[in-house]
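Listed below are the residues making up each chain.
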Amino acid sequence: MEFHFSYRLQSVPALRLLATSALGLYCAGAIAGGQPDIRPLLEAAPSVGFVYYRAPGMSVTTPAMTGGANLVTAGTKSSQLPEGGEMERAFEIPNASSEIASQLVARLKSGSFASKLHVEDHPHERLWSRDPGAYHGETQDSYVLELSVDRLVAAYMPFNWKTYYYGLSASLRLIDVAQSKVVWEHRCNQSGLHGSTYKLKVDEFEANGGARLKEVERAANDFCAHELGDLLGAG
(Lines give C-alpha, C1' and ligand atoms only; values in the text may rest on other atoms or scores of the structure.)
Protein backbone atom coordinates (compact mmCIF):
# COMPACT_ATOMS: atom_id res chain seq x y z
CA MET A 1 0.00 0.00 0.00
CA GLU A 2 1.37 3.39 -0.96
CA PHE A 3 1.29 6.14 1.64
CA HIS A 4 1.19 9.88 1.00
CA PHE A 5 1.11 12.31 3.85
CA SER A 6 -0.39 15.50 5.20
CA TYR A 7 1.23 17.37 8.06
CA ARG A 8 -0.01 18.30 11.51
CA LEU A 9 2.10 20.17 14.04
CA GLN A 10 1.49 20.07 17.77
CA SER A 11 3.52 21.18 20.77
CA VAL A 12 5.24 18.40 22.67
CA PRO A 13 5.38 18.39 26.47
CA ALA A 14 8.24 15.88 26.47
CA LEU A 15 8.78 15.12 30.14
CA ARG A 16 5.05 15.19 30.81
CA LEU A 17 4.49 12.54 28.15
CA LEU A 18 7.23 10.33 29.56
CA ALA A 19 5.98 10.73 33.13
CA THR A 20 2.38 9.99 32.14
CA SER A 21 3.44 6.92 30.21
CA ALA A 22 5.53 5.72 33.11
CA LEU A 23 2.45 5.69 35.31
CA GLY A 24 0.64 3.57 32.73
CA LEU A 25 -2.07 6.13 32.14
CA TYR A 26 -4.00 6.38 28.90
CA CYS A 27 -7.05 8.15 27.60
CA ALA A 28 -9.95 5.74 27.29
CA GLY A 29 -11.94 8.62 25.92
CA ALA A 30 -15.42 9.19 24.91
CA ILE A 31 -17.60 6.77 26.81
CA ALA A 32 -18.49 7.50 30.43
CA GLY A 33 -18.19 4.49 32.72
CA GLY A 34 -15.38 2.80 30.83
CA GLN A 35 -14.19 1.85 27.40
CA PRO A 36 -16.34 -0.60 25.41
CA ASP A 37 -15.06 -3.35 23.15
CA ILE A 38 -14.61 -1.88 19.68
CA ARG A 39 -15.19 -5.16 17.84
CA PRO A 40 -19.01 -5.26 18.18
CA LEU A 41 -19.10 -1.63 17.07
CA LEU A 42 -17.13 -2.46 13.94
CA GLU A 43 -19.26 -5.53 13.26
CA ALA A 44 -22.48 -3.49 13.50
CA ALA A 45 -21.24 -0.58 11.39
CA PRO A 46 -22.65 -0.51 7.82
CA SER A 47 -19.29 0.74 6.52
CA VAL A 48 -15.99 1.90 8.02
CA GLY A 49 -13.37 4.16 6.50
CA PHE A 50 -9.83 4.04 7.86
CA VAL A 51 -7.81 7.26 7.80
CA TYR A 52 -4.56 8.44 9.34
CA TYR A 53 -2.49 11.60 9.53
CA ARG A 54 1.23 12.12 9.20
CA ALA A 55 3.07 12.24 12.51
CA PRO A 56 5.12 15.34 13.34
CA GLY A 57 8.89 15.08 13.45
CA MET A 58 10.55 13.86 16.61
CA SER A 59 11.12 16.54 19.24
CA VAL A 60 14.49 16.32 20.99
CA THR A 61 14.71 18.08 24.35
CA THR A 62 18.24 19.03 25.36
CA PRO A 63 19.57 20.56 28.59
CA ALA A 64 20.31 23.75 26.66
CA MET A 65 16.64 24.07 25.70
CA THR A 66 15.60 23.88 29.35
CA GLY A 67 18.24 26.26 30.69
CA GLY A 68 20.94 23.71 31.51
CA ALA A 69 24.42 24.96 32.27
CA ASN A 70 26.69 25.51 29.27
CA LEU A 71 29.41 23.31 30.74
CA VAL A 72 26.95 20.44 31.11
CA THR A 73 25.59 20.72 27.58
CA ALA A 74 29.06 21.08 26.10
CA GLY A 75 30.36 18.10 28.04
CA THR A 76 27.54 15.82 26.92
CA LYS A 77 27.30 17.15 23.34
CA SER A 78 23.53 17.45 23.82
CA SER A 79 23.54 21.01 22.55
CA GLN A 80 25.07 19.81 19.28
CA LEU A 81 22.21 17.47 18.36
CA PRO A 82 20.29 18.45 15.20
CA GLU A 83 16.52 18.80 15.30
CA GLY A 84 14.67 15.48 15.50
CA GLY A 85 12.91 15.88 12.18
CA GLU A 86 16.20 16.76 10.51
CA MET A 87 17.78 13.52 11.75
CA GLU A 88 14.77 11.47 10.66
CA ARG A 89 15.00 12.91 7.15
CA ALA A 90 18.76 12.48 6.96
CA PHE A 91 18.58 8.83 8.01
CA GLU A 92 15.41 8.14 5.97
CA ILE A 93 13.45 6.94 8.99
CA PRO A 94 9.87 6.03 7.99
CA ASN A 95 7.08 8.16 9.40
CA ALA A 96 5.60 6.63 12.55
CA SER A 97 2.01 7.01 11.34
CA SER A 98 2.64 5.10 8.12
CA GLU A 99 4.38 2.30 9.99
CA ILE A 100 1.57 1.91 12.53
CA ALA A 101 -1.17 2.38 9.92
CA SER A 102 0.19 -0.37 7.68
CA GLN A 103 0.11 -2.86 10.55
CA LEU A 104 -3.41 -1.84 11.60
CA VAL A 105 -4.70 -2.12 8.02
CA ALA A 106 -3.29 -5.65 7.79
CA ARG A 107 -5.17 -6.52 10.97
CA LEU A 108 -8.40 -4.95 9.77
CA LYS A 109 -8.28 -6.69 6.41
CA SER A 110 -7.99 -10.06 8.12
CA GLY A 111 -11.09 -9.43 10.25
CA SER A 112 -14.67 -10.46 9.63
CA PHE A 113 -15.66 -6.86 8.81
CA ALA A 114 -13.06 -6.51 6.03
CA SER A 115 -15.72 -6.48 3.31
CA LYS A 116 -17.14 -3.18 4.56
CA LEU A 117 -13.77 -1.57 5.23
CA HIS A 118 -12.58 1.25 2.98
CA VAL A 119 -8.92 2.24 3.19
CA GLU A 120 -7.76 5.35 1.36
CA ASP A 121 -4.49 4.90 -0.54
CA HIS A 122 -3.44 8.27 0.88
CA PRO A 123 -4.10 9.93 4.23
CA HIS A 124 -6.77 12.52 4.76
CA GLU A 125 -5.68 15.67 2.99
CA ARG A 126 -6.80 18.23 5.54
CA LEU A 127 -5.15 18.85 8.88
CA TRP A 128 -6.32 16.77 11.80
CA SER A 129 -9.16 18.21 13.88
CA ARG A 130 -10.35 17.15 17.31
CA ASP A 131 -13.92 17.89 16.14
CA PRO A 132 -15.50 14.62 14.92
CA GLY A 133 -17.94 16.67 12.84
CA ALA A 134 -15.08 17.51 10.47
CA TYR A 135 -15.81 14.32 8.49
CA HIS A 136 -19.23 15.55 7.38
CA GLY A 137 -19.20 15.80 3.62
CA GLU A 138 -15.76 14.17 3.38
CA THR A 139 -16.74 10.52 3.42
CA GLN A 140 -19.66 8.31 2.44
CA ASP A 141 -18.84 5.79 5.16
CA SER A 142 -21.04 5.57 8.23
CA TYR A 143 -18.06 5.39 10.56
CA VAL A 144 -14.44 6.53 10.42
CA LEU A 145 -11.64 4.74 12.25
CA GLU A 146 -8.99 7.41 12.69
CA LEU A 147 -5.32 7.03 13.63
CA SER A 148 -3.28 10.03 14.72
CA VAL A 149 0.26 9.99 16.08
CA ASP A 150 0.74 13.35 17.74
CA ARG A 151 3.79 13.10 19.97
CA LEU A 152 7.28 11.78 19.31
CA VAL A 153 9.83 12.85 21.88
CA ALA A 154 13.36 12.10 22.98
CA ALA A 155 14.10 13.62 26.38
CA TYR A 156 16.68 13.26 29.12
CA MET A 157 15.96 12.89 32.81
CA PRO A 158 17.41 15.37 35.34
CA PHE A 159 21.01 14.58 36.34
CA ASN A 160 21.24 11.91 33.64
CA TRP A 161 22.23 14.20 30.78
CA LYS A 162 23.75 11.61 28.47
CA THR A 163 20.79 9.20 28.36
CA TYR A 164 17.69 9.97 26.31
CA TYR A 165 14.30 8.27 26.54
CA TYR A 166 12.10 7.97 23.48
CA GLY A 167 8.32 8.24 23.82
CA LEU A 168 5.41 8.03 21.38
CA SER A 169 1.71 8.79 21.77
CA ALA A 170 -0.91 7.56 19.29
CA SER A 171 -4.69 7.83 19.32
CA LEU A 172 -7.24 5.60 17.60
CA ARG A 173 -10.84 6.89 17.43
CA LEU A 174 -14.05 5.42 16.00
CA ILE A 175 -16.33 8.21 14.85
CA ASP A 176 -20.04 8.02 14.04
CA VAL A 177 -20.14 10.39 11.07
CA ALA A 178 -23.91 11.07 11.09
CA GLN A 179 -23.92 11.95 14.80
CA SER A 180 -20.52 13.71 14.74
CA LYS A 181 -19.65 11.66 17.79
CA VAL A 182 -16.61 9.74 19.02
CA VAL A 183 -18.06 6.38 20.09
CA TRP A 184 -14.76 4.72 21.00
CA GLU A 185 -11.24 5.95 21.69
CA HIS A 186 -7.95 4.57 22.93
CA ARG A 187 -4.59 6.24 23.36
CA CYS A 188 -1.34 4.29 23.32
CA ASN A 189 1.39 5.97 25.36
CA GLN A 190 4.67 4.18 24.75
CA SER A 191 7.22 5.17 27.36
CA GLY A 192 10.98 5.26 27.11
CA LEU A 193 11.20 4.86 30.87
CA HIS A 194 10.43 1.13 30.72
CA GLY A 195 13.56 -0.99 30.26
CA SER A 196 16.38 -0.29 27.82
CA THR A 197 14.50 -0.78 24.55
CA TYR A 198 13.75 2.92 24.09
CA LYS A 199 16.92 4.45 25.54
CA LEU A 200 19.64 6.18 23.52
CA LYS A 201 22.97 7.59 24.60
CA VAL A 202 23.52 11.08 23.25
CA ASP A 203 26.24 9.86 20.88
CA GLU A 204 23.98 7.13 19.45
CA PHE A 205 21.56 9.47 17.66
CA GLU A 206 23.84 9.97 14.67
CA ALA A 207 26.18 6.97 14.96
CA ASN A 208 26.21 4.38 12.16
CA GLY A 209 23.75 6.26 10.00
CA GLY A 210 21.24 6.58 12.84
CA ALA A 211 21.06 2.80 13.31
CA ARG A 212 20.14 2.94 17.00
CA LEU A 213 17.62 5.73 16.44
CA LYS A 214 15.96 3.67 13.69
CA GLU A 215 15.85 0.67 16.00
CA VAL A 216 14.26 2.63 18.83
CA GLU A 217 11.64 4.30 16.62
CA ARG A 218 10.74 0.97 14.99
CA ALA A 219 10.30 -0.67 18.40
CA ALA A 220 8.03 2.17 19.57
CA ASN A 221 5.93 1.97 16.39
CA ASP A 222 5.57 -1.80 16.82
CA PHE A 223 4.59 -1.34 20.47
CA CYS A 224 1.63 0.90 19.64
CA ALA A 225 0.70 -1.06 16.51
CA HIS A 226 0.44 -4.21 18.60
CA GLU A 227 -1.46 -2.53 21.43
CA LEU A 228 -3.98 -0.91 19.08
CA GLY A 229 -4.16 -3.96 16.81
CA ASP A 230 -4.94 -6.28 19.70
CA LEU A 231 -7.96 -4.11 20.53
CA LEU A 232 -9.24 -4.56 16.98
CA GLY A 233 -9.11 -8.32 17.53
CA ALA A 234 -8.23 -9.33 14.00
CA GLY A 235 -5.01 -10.90 12.79
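About the criteria used
- Residues numbered from 1 in each chain as written.
- Predicted model: local features only at pLDDT ≥ 70, side-chain atom pairs only at ≥ 80, totals over all residues.
- Heavy atoms only, no water.
- Core = buried A, V, L, I, M, F, W, Y, C linked by side-chain atoms within 4.5 Å.
- Buried < 20%, exposed > 50% of the residue type's maximum accessible area, 1.4 Å probe, protein only.
- Helix = DSSP H or I, 4+ residues; strand = E, 2+ residues; numbered from the N terminus.
- Contact = heavy atoms within 4.5 Å.
- Phe/Tyr/Trp six-rings, centres within 6.5 Å; stacked < 30°, edge-to-face > 60°.
- Polar contact = N/O pair within 3.5 Å; in protein donor to acceptor, adjacent residues only side chain to side chain.
- Axes fitted to C-alpha atoms, helices over the stretch in contact; angles between N-to-C directions.
- Parallel < 35°, antiparallel > 145°, perpendicular 65-115°, else oblique.
- Left-handed = near helix turned anticlockwise from the far one by under 90°.
- pLDDT = per-residue confidence, 0-100.

## Let's talk about the nonpolar core
One broad trend across soluble globular proteins is that nonpolar side chains are buried collectively.
And then number 1: Counting residues in each nonpolar core, the largest one holds 48 residues, and the members touching the most others are Phe-50, Leu-147 and Leu-168.
And then number 2: Mapped onto this core, the elements with two or more residues apiece are α2 (38-44), β1 (48-53), α5 (96-109), β4 (143-157), β5 (160-176), β6 (181-190) and α6 (211-232).
And then number 3: For Phe-50, the contacting residues outside a window of four places in its chain are Ala-101, Leu-104, Val-105, Leu-108, Leu-117, His-118, Val-119, Glu-120, Leu-145, Leu-147 and Leu-172.
And then number 4: Ranked by size, the runner-up nonpolar core spans eight residues in total, among them Val-51, Tyr-53, Ile-175 and Val-182.

## A few points about the packing of aromatic side chains
And then number 1: Scanning the entire structure with this criterion turns up three aromatic pairs.
And then number 2: For the ring pair Tyr-156 and Tyr-164, a centre distance of 6.2 Å and an interplane angle of 70° mean the geometry is edge-to-face.
And then number 3: Owing to a relative accessible area of 7%, Tyr-156 belongs among the buried residues under this scheme.
And then number 4: In this structure Tyr-164 comes out as buried when scored by relative accessible area, which is 0%.
And then number 5: With a centroid separation of 5.3 Å and an interplanar angle of 90°, the aromatic rings of Tyr-164 and Phe-205 are classed as edge-to-face.

## Brief notes about the side chain of Asn-95
And then number 1: Position of Asn-95 relative to the elements: it lies in the loop between α4 (84-90) and α5.
And then number 2: Only 3.0 Å separates the side chain of Asn-95 from the backbone nitrogen of Ser-97, close enough to count as a polar contact.

## What about the packing of α5 against α6?
And then number 1: Where α5 contacts α6, the two axes come as close as 9 Å, and the packing angle between them is 30°. When the axes of α5 and α6 are compared, the pair comes out roughly parallel. At the point where α5 passes α6, the crossing takes the right-handed sense. Here α5 contributes Ala-96, Glu-99, Ile-100, Gln-103, Leu-104, Arg-107 and Leu-108 to the contact with α6, which in turn contributes Asn-221, Asp-222, Cys-224, Ala-225, His-226, Leu-228, Gly-229, Asp-230 and Leu-232.

## Digging into the environment of Glu-43
And then number 1: Secondary-structure assignment places Glu-43 in helix α2.
And then number 2: On the basis of relative accessibility, which here comes to 40%, the residue Glu-43 falls in the partly exposed class.
And then number 3: Each residue touching Glu-43, except ones within four places of it in the same chain, is listed here: Ser-112, Phe-113 and Lys-116.

## Quick word on the confidence of the model for the protein chain
When pLDDT drops low, the exact placement of atoms in the prediction is not to be read closely.
And then number 1: With 76% of its residues at a pLDDT of 70 or more, the protein chain has an overall mean of 81.
And then number 2: Taken together, the stretch residues 1-33 has pLDDT below 50 and engages in 85 contacts with residues farther than four places along the chain or on a different chain.

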